[in-house]
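Commentary on secondary and tertiary structure
Spelled out from the first residue to the last, the chains are:
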Amino acid sequence: MTDNRFDVGGKVVVITGAGQGLGREYALAFAEAGAIPVLAELNPDNLASVEAEIRDRGGDCLAVATDVGSPDSVEAMVAGTLDAHGRIDVLVNNAAVFATIPRRGFDEIPYDEWNRVIHVNVTGSWLCAVAVTPAMRAAGQGRIVNISSGTVPQGSPGFMHYVTSKAAIVGMTRSMARELGDDNINVNAVMPGYTPTEMEHASMDEGLHGFIQGKRILKRAETPDDLIGLVLFLASPGSAFITGQCIACCGGEVML
């Protein structure tokens, strides 16, 4: 007998920032699980690369060039998704500015850099949630998975704009879950620890990486595989009674 409680097959899943890093990993995992990932990505080369990777593996996807900080671009991505597939079952709000920003004191952050991080990480997530909500409401169901960060409960120094933006995601998740509960739309947040991918990080070195691992109960590097199961679970029927929650996935680096 087939257990469908954790099946995401056939679901249309919008993944922002799907062209690299963890967004790419989520997209590949959803495609492998039989879902149809919508690759909402700003970088055209990365977008084409992940689309080709999914199709080469026998999966299906929709690639849409998207600037999550632009209302018009987000609306066009949602309209294109609905034209192609008629519905949106899941939104994974993954797009964020982090890897490219240097570590420095909060009083040394340039004004334009502060605004860019807040705009992409917070406003972009809000714009995407606003855009998918009408289709989810019309369908009487939906899942929004916001990506926060384990830096929030730690108050990690050196990246105040990033930590602030990911703290805002926690508040957004809780408020949004309250507002969308009557529409049968679940809203949850994932708090990853630092997870190495193919992306280079402007401030990460072996010393800092080792320090992070040393704080964990499970003293090893976090991998994308450690996060994929949680994100797929929050998109599946098995998490139907979970909403408004922030779930840390960081090897015990923080406990909520």
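**Regarding the pairing of strand S5 (residues 142-147)**
For S5, the buried fraction is high: 6 of the 6 residues fall into the buried class. Relative to S5, strand S4 (residues 90-93) runs parallel, the two sharing 4 bridges. Among the inter-strand pairings, valine 92 is bridged to a residue of S5, identified as valine 145. In this region the chain leaves S4, passes through helix H4 (residues 111-139) and returns to the parallel neighbour S5; the handedness of that crossover is right-handed. Note: S5 against strand S6 (residues 185-192), 6 bridges, orientation parallel. Looking at S6, one finds that asparagine 146 is bridged to alanine 189.

**Points about the sheet that holds strand S2 (residues 36-41)**
Taken in spatial order, the 7 strands make up an open sheet running S3-S2-S1-S4-S5-S6-S7, and their pairing is parallel. Strands at the two margins of the open sheet, each flanked by one partner only, are strand S3 (62-65) and strand S7 (246-249). Here the strands of the sheet are splayed against their neighbours by 20° on average, with no regard to which way each runs. This element, helix H1 (residues 21-32), spans strand S1 (12-16), S2, S4 and S5 of the sheet and lies at about 170° to S1. Sheet strands touched by H4: S1, S4, S5 and S6. Its angle to S4, the strand with the most contacts, is close to 175°.

**Structural notes on the pattern of salt bridges**
Tallied over the entire structure, the rule returns 12 salt bridges. Across the salt bridge formed by arginine 24 and glutamate 53, the nearest N and O atoms sit 2.7 Å from each other. Of the two residues, arginine 24 is situated in helix H1 and glutamate 53 in helix H2 (residues 44-56); the sequence distance between them amounts to 29 residues. Of the two residues, arginine 24 and glutamate 53, both sit in the buried class. Taking the shortest distance from any N to any O, the salt bridge between glutamate 113 and arginine 104 comes out at 2.5 Å. One continuous salt-bridge network, built from bridges that share partners, spans Arg24, Glu25, Glu53 and Arg57.

**Examining the packing of aromatic side chains**
A ring pair, where both rings are aromatic, is described by two values, the distance of the centres and the angle of the planes. Considering all chains together, one arrives at 3 aromatic pairs under this definition. For the ring pair phenylalanine 6 and phenylalanine 233, a centre distance of 6.2 Å and an interplane angle of 40° mean the geometry is tilted. Taken together, the positions of phenylalanine 6 in the segment before S1 and phenylalanine 233 in helix H8 (residues 224-235) put the pair 227 residues apart, joining distant regions of the chain. Taking the centre distance of 3.9 Å and the plane angle of 15° together, the rings of phenylalanine 98 and tyrosine 162 count as stacked. Residue phenylalanine 98 is found in the loop between S4 and H4, and its partner tyrosine 162 is found in helix H6 (residues 160-180); the two are separated by 64 residues along the sequence. Residue classification places tyrosine 162 among the buried positions, given a relative accessible area of 8%. Put simply, the rings of Phe98, Phe159 and Tyr162 pair up and form one aromatic cluster.

**Description of the nonpolar core**
Taken as a class, soluble globular proteins show a tendency for nonpolar side chains to be buried jointly. Ranked by internal contacts, the top residues of the largest apolar core, which has 35 residues, are Leu91 and Ile144. When contributions to this core are tallied by element, the ones reaching two or more residues are S1, S2, helix H3 (71-85), H4, H6 and S6. Take this core: its biggest share by element is 9 residues, from H4. Apart from residues lying up to four places away in sequence, leucine 91 is in contact with Val14, Thr16, Cys128, Ala129, Val132, Met136, Arg143, Ile144 and Val145.

**Some points on the side chain of serine 239**
Tracing the chain through its elements places serine 239 in the loop between H8 and S7. Here the side chain of serine 239 touches serine 236 through a polar contact of 3.1 Å, landing on its backbone oxygen. The contact partners of serine 239, leaving out residues within four places of it in the chain, are Arg143, Asn186, Phe233 and Leu234.

Thresholds, definitions, all that
Residues numbered from 1 in each chain as written. Predicted model: local features only at pLDDT ≥ 70, side-chain atom pairs only at ≥ 80, totals over all residues. Heavy atoms only, no water. Buried < 20%, exposed > 50% of the residue type's maximum accessible area, 1.4 Å probe, protein only. Helix = DSSP H or I, 4+ residues; strand = E, 2+ residues; numbered from the N terminus. Pairing = 2+ DSSP bridges. Right-handed = clockwise from strand over helix to strand, strands pointing away. Axes fitted to C-alpha atoms, helices over the stretch in contact; angles between N-to-C directions. Contact = heavy atoms within 4.5 Å. Salt bridge = Lys/Arg side-chain N within 4 Å of Asp/Glu carboxyl O. Phe/Tyr/Trp six-rings, centres within 6.5 Å; stacked < 30°, edge-to-face > 60°. Core = buried A, V, L, I, M, F, W, Y, C linked by side-chain atoms within 4.5 Å. Polar contact = N/O pair within 3.5 Å; in protein donor to acceptor, adjacent residues only side chain to side chain.

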